[in-house]
Amino acid sequence: QVQLVESGGGLVQAGGSLRLSCTASGGTFSIYAMGWFRQAPGKEREFVAAISRGGGSTYYADSVKGRFIISKYNAKNTVYLQMTNLKPEDTAVYYCGADRYKELVLHDSYDYWGQGTQVTVSS
């Protein structure tokens, strides 16, 4: 079974930067469409960013566009989220998703999910 493991979360001050990583392991090798969602307490999980299987297309939520960059390294089945100019409203648990066959996934419909990593941005 494929497993996703996120890393890079932590506590930062407003205006700071953080880089999240997510690596898929197990199962047979595959190139995935991947993305990031986040969930704050009392809120539903919301879309943050997504990248196509080949990495040629990216899509961002309006709230993070211009501040976050998603990228991937297919040889390692790893997706990254470079987060800059962080704001307190970015505080949430960030989840990585991977899809085996879709080109780009913008909804909560990934084949696999990580356990999440906490990002906390102080005022």
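This text goes with the structure placed above it.
Residues numbered from 1 in each chain as written. Predicted model: local features only at pLDDT ≥ 70, side-chain atom pairs only at ≥ 80, totals over all residues. Heavy atoms only, no water.

Caption draft 1: Summary view of the side chain of Asp99. Residue placement: Asp99 occurs in strand β9 (residues 92-99). When its relative accessible area of 1% is taken as the criterion, Asp99 is described as buried. (Helix = DSSP H or I, 4+ residues; strand = E, 2+ residues; numbered from the N terminus. Buried < 20%, exposed > 50% of the residue type's maximum accessible area, 1.4 Å probe, protein only.)

Caption draft 2: The pattern of salt bridges, seen in detail. Under the defined criterion, the tally for this structure stands at five salt bridges. Taking the shortest distance from any N to any O, the salt bridge between Arg38 and Asp90 comes out at 2.9 Å. Linking Arg38 in strand β4 (residues 33-39) with Asp90 in the loop between β8 (78-83) and β9, this pair joins segments that are 52 residues apart in sequence. The same class applies to Arg38 as to Asp90, namely buried. Across the salt bridge formed by Asp90 and Arg67, the nearest N and O atoms sit 2.8 Å from each other. In this pair, Asp90 is assigned in the loop between β8 and β9 and Arg67 in the loop between β6 (58-60) and β7 (68-73), connecting sequence segments 23 residues apart. Assigned by exposure class, Asp90 and Arg67 land together as buried. Here the salt bridges share partners, and the residues they tie into one network are Arg38, Glu46, Arg67 and Asp90. (Salt bridge = Lys/Arg side-chain N within 4 Å of Asp/Glu carboxyl O.)

Caption draft 3: View of the state of the cysteines. Scanning the model with the defined rule gives one disulfide in all. A disulfide bridge connects Cys22 with Cys96, and the sulfur atoms are separated by 2.1 Å. Its torsion about the S-S bond being -80°, the disulfide of Cys22 and Cys96 is classed as left-handed. On the criterion of sequence distance, the pair formed by Cys22 in strand β3 (residues 18-25) and Cys96 in strand β9 is long-range, its members being 74 residues apart. (Disulfide = S-S within 2.5 Å.)

Caption draft 4: Looking closely at the nonpolar core. Trp36, Leu81 and Tyr94 are the most contacted members of the largest nonpolar core, which has 34 residues in total. Within the residue set of this core, elements represented by two or more residues are β3, β4, β5 (46-51), β7, β8, β9 and β11 (117-122). Ranked by residues supplied to this core, first place goes to β5 with five residues. (Core = buried A, V, L, I, M, F, W, Y, C linked by side-chain atoms within 4.5 Å.)

Caption draft 5: Inspection of the sheet that holds strand β1 (residues 3-7) at higher detail. Here four strands make up an open sheet; going across it, the order is β1-β3-β8-β7 and the pairing antiparallel. Looking at strand neighbours, the two that pair on one side only are β1 and β7, the edges of this open sheet. The mean angle between the axes of side-by-side strands here comes to 15°, regardless of whether they run parallel or antiparallel. Bridge count between β1 and β3: five bridges; the pairing is antiparallel. (Pairing = 2+ DSSP bridges. Axes fitted to C-alpha atoms, helices over the stretch in contact; angles between N-to-C directions.)

Caption draft 6: Quick peek at the packing of aromatic side chains. Per the counting criterion, the structure on display carries six aromatic pairs. An angle of 80° between the planes, with centres 5.4 Å apart, marks the rings of Tyr110 and Trp113 as edge-to-face. Of the aromatic side chains, those joined through ring pairs into one cluster are Phe37, Phe47, Tyr59, Tyr110 and Trp113. The cationic tip of Arg45 hangs over the ring face of Tyr95; the distance from NZ or CZ to the ring centre is 3.9 Å. Of note, Arg45 hangs over the ring of Trp113, and the distance from its end group to the ring centre comes to 4.8 Å. (Phe/Tyr/Trp six-rings, centres within 6.5 Å; stacked < 30°, edge-to-face > 60°. Lys NZ or Arg CZ within 6 Å of the ring centre and 35° of its normal.)

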